[in-house]
Amino acid sequence: KSAKDFIVLANCLFDMGYHTINWNLGCPHPQVTKKMRGSGLLPHTERIQAFLDEVVPAMKGKLSIKTRLGQKNSEDLLRLAPILNQYPLEEVIIHPRTGLQMYEGNVDLEGFETCLSILRHPVVYNGDIRSAGDFRALSGRFENVDRWMIGRWSLVNPFLPGVIKTGLNKEDNRVERLKHFHDALYEQYAAVLSGPSHLLNRMKAQWNYFSLSFRDCGKTVKKIRKAGSPGHYLEVVSRFFETEAVWEEEKND
Ligand SMILES: Cc1cc2nc3c(=O)[nH]c(=O)nc-3n(C[C@H](O)[C@H](O)[C@H](O)COP(=O)(O)O)c2cc1C
């Protein structure tokens, strides 16, 4: 929420080659919102306006905004949208829930539609795209939207973006390809994270999503959660991929 700090960081990132910086007004976690950050800032229209007045002209690069419909209710973004129109934003990404909802309950598609009709910036839809069917329904309803963001469900089913883009949904070797994806992720995390417990925690969290794609893998997930070392973790995961993993076709398609 500090414009001065944001400008310093955004301009450093620009020099490193990152030419669009996203301001996240969507984070709903209480430890963030109670400091008037993330979605906790959404009720404070005048503060957001003052922030943009200072930041936008001082940034070397472009600014995009990620937002929810509001903190406690959907009124916040309705109030804010005409103000956002006054700034040259790259895009506005909307996750149409309130901050209080966290990640639960229904997305508010009517609220999204109303904000879409007010905003003059390119709008990205984000939230609960779990399948190609969900995408078809949403893109049919919001024909003017041509930017889509998938979060959790691309971790549950990393094939989903490809299925949506190509329309093809019957690839073979999904378990094998997911194992390759898992191994690449593990390798990359091992290269950048510091120490085995950091790595283990990151990979264990990943299974909250992966596990939803496989049939009856509750016992394996318990073993993964209990793994006390990377060696033990890799042993459990390898055994799972080699002998037990069954891709949940119906849930994912
Ligand atoms: C564990 C977790 C961490 C997240 N971290 C971020 C983040 O750092 N920045 C961000 O813009 N959104 C973050 N999000 C929100 C997602 O980008 C997305 O808005 C939200 O999950 C709704 O989309 P989905 O239903 O496709 O997942 C996070 C979501 C989750 C569940």
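In this text the structure is predicted, and so the values were computed from the model without any measurement.

### Describing the packing of aromatic side chains
Piece 1. Tallied over the full model, the rule gives 18 aromatic pairs.
Piece 2. Geometrically, the ring pair formed by Phe 112 and Tyr 125 is edge-to-face, given 5.0 Å between the ring centres and 85 degrees between the ring planes. A residue pair is termed long-range when its members are at least 10 positions apart, and Phe 112 in helix 5 (residues 109-118) and Tyr 125 in strand 4 (residues 123-126) qualify at 13 residues.
Piece 3. For Phe 112, a relative accessible area of 0% corresponds to the buried category.
Piece 4. Since its relative accessible area comes to 0%, Tyr 125 is described here as buried.
Piece 5. Arranged with centres 6.1 Å apart and planes meeting at 70 degrees, the rings of Phe 181 and Phe 210 form a pair that is edge-to-face. With Phe 181 in helix 9 (residues 174-192) and Phe 210 in helix 10 (residues 196-210), this pair connects stretches of sequence that are 29 residues apart.
Piece 6. Taken together through their ring pairs, the aromatic side chains of Phe 159, Phe 181, Trp 207, Phe 210, Phe 214, Phe 240, Phe 241 and Trp 247 make up a single cluster.
Piece 7. The ring centre of Tyr 103 lies 5.1 Å from the NZ or CZ of Arg 68, which sits over that ring.
Piece 8. Residue placement shows Arg 174 over the ring face of Phe 159; its charged tip is 4.9 Å from the ring centre.

### Re the pattern of salt bridges
Piece 1. Applying the stated criterion to the full structure yields 12 salt bridges.
Piece 2. The closest approach of N and O atoms between Arg 147 and Glu 91, which form a salt bridge, is 2.7 Å. With Arg 147 in strand 5 (residues 147-149) and Glu 91 in the loop between helix 4 (75-84) and strand 3 (92-98), the pair connects residues that are 56 residues apart, well separated along the chain.
Piece 3. With relative accessibility at 31%, the residue Arg 147 sits in the partly exposed group.
Piece 4. Among the salt bridges present, the one from Arg 130 reaches Asp 128, with a minimum N-O distance of 3.7 Å.
Piece 5. On the accessibility criterion, Arg 130 (41% relative accessible area) is partly exposed.
Piece 6. Residues participating in the shared-partner salt-bridge network are Arg 97, Asp 128, Arg 130 and Arg 152.

### Remarks on the domain arrangement of the protein
Piece 1. Structurally, the protein comprises domain 1 (3-149) and domain 2 (174-252).
Piece 2. Inter-centroid distance (C-alpha atoms) of domain 1 to domain 2 is 32 Å.

### Section: the site of the ligand
Piece 1. Around the ligand sit 13 residues in total, of which Lys 66, Asn 126, Asp 128, Gly 151 and Arg 152 are the nearest.
Piece 2. Lys 66 has a polar side-chain atom sitting 2.8 Å from an oxygen atom of the ligand.
Piece 3. Contact between the ligand and Asp 128: an oxygen atom at 2.7 Å from a main-chain N or O atom of the residue.
Piece 4. Considering the ligand on its own, with 610 Å² of exposed area, one finds that the protein chains cover 65% of that surface.
Piece 5. Classifying every residue of the shell around the ligand gives five nonpolar, five polar and three charged.

### A look at the packing of helix 9 against helix 10
To describe two helices that pack against each other, one gives the angle between their axes and the distance between the axes.
Piece 1. Taken N-terminus to C-terminus, the directions of helix 9 and helix 10 make an angle of 150 degrees; their axes are 10 Å apart at the nearest point. Taken together, the axes of helix 9 and helix 10 lie roughly antiparallel to each other. Seen along the crossing, helix 9 lies across helix 10 with a hand that is right-handed. Packed against helix 9, whose contacting residues are Leu 178, Phe 181, His 182, Leu 185, Tyr 186, Tyr 189 and Ala 190, the element helix 10 presents Leu 199, Arg 202, Met 203, Gln 206, Trp 207 and Phe 210 at the interface.
Piece 2. Its residues placed into classes, the contact of helix 9 with helix 10 shows 10 nonpolar, two polar and one charged.

### Observations concerning the environment of Glu 235
Piece 1. On the secondary structure map, Glu 235 appears in helix 12 (residues 230-244).
Piece 2. Accessibility expressed as a relative area gives 48% for Glu 235, which makes it partly exposed.
Piece 3. When the C-alpha positions of Glu 235 and Gly 140 are compared, they lie 45 Å apart, and in sequence the two are 95 residues distant.

### Remarks on the sheet that holds strand 2 (residues 62-70)
Piece 1. Spatially, the five strands line up as an open sheet ordered 1-2-3-4-5, and their pairing is parallel. In this open sheet, the two strands that pair with only one neighbour each are strand 1 (20-25) and strand 5. Across the sheet, the mean angle from the axis of one strand to that of its neighbour is 25 degrees, orientation sign disregarded.
Piece 2. Where strand 4 lies against strand 5, three bridges are found, and the strand directions are parallel. Pairing of Val 124 across the sheet is with Arg 147, part of strand 5.
Piece 3. Along the sheet face, helix 5 touches strand 2, strand 3 and strand 4 and points at about 175 degrees away from the line of strand 4.

What counts, and where the lines are drawn
Numbering of residues starts from 1 in each chain and follows the order in which that chain's sequence is written. In view of the model being predicted, local features appear only for residues whose pLDDT reaches at least 70, and side-chain atom pairs are presented and counted only at 80 or more, with totals across whole chains, interfaces and linings using the full set of residues. The side-chain numbers reported here are obtained from all heavy atoms of the structure, hydrogens and water having been left aside. Any pair of Phe, Tyr and Trp rings, taking the six-membered ring for Trp, is counted once the centres come within 6.5 Å. Such a pair is stacked with planes under 30 degrees apart, edge-to-face with planes over 60 apart, and tilted for the rest. Going along the chain from the N terminus, every DSSP run of H or I of four or more residues is numbered as a helix, and every run of E of two or more is numbered as a strand. A 1.4 Å probe rolled over the protein chains alone gives each residue an accessible area, and that area as a share of the maximum for its type sets the label: buried under 20%, exposed over 50%, partly exposed in between. Charges are assigned to positions over rings by a cutoff of 6 Å between ring centre and Lys NZ or Arg CZ, combined with an angular limit of 35 degrees from the ring normal. The salt bridge definition used is simple: a Lys or Arg side-chain nitrogen within 4 Å of an Asp or Glu carboxyl oxygen. Each domain's extent is set by a domain assignment, obtained either automatically or from a database. Put simply, a residue is near a molecule or strand once any heavy atom of it comes within 4 Å of that molecule or strand. Any pair of N or O atoms that falls within 3.5 Å is considered a polar contact. Within protein, one atom must be able to donate a hydrogen and the other to accept it, and sequence-neighbouring residues count only if both atoms are side-chain atoms. Method for areas: the Shrake-Rupley scheme with a 1.4 Å probe, in which residue coverage is limited to the protein chains shown. When residue character is reported, Ala, Val, Leu, Ile, Met, Phe, Trp, Tyr, Cys and Pro are called nonpolar, Asp, Glu, Lys and Arg charged, and the others, Gly included, polar. All axes here are fitted lines through C-alpha atoms, helices being fitted over the stretch that makes contact, and every angle between N-to-C directions spans 0 to 180 degrees. Roughly parallel means an angle under 35 degrees; roughly antiparallel means over 145; roughly perpendicular covers 65 to 115; every other angle is labelled oblique. Two helices cross in a left-handed way if the nearer one is turned anticlockwise from the farther one by less than a right angle. They cross in a right-handed way if the turn is clockwise. Contacts were defined at the residue level, with two residues in contact if any of their heavy atoms lie within 4.5 Å. When DSSP finds at least two bridges between two strands, those strands are taken to pair.

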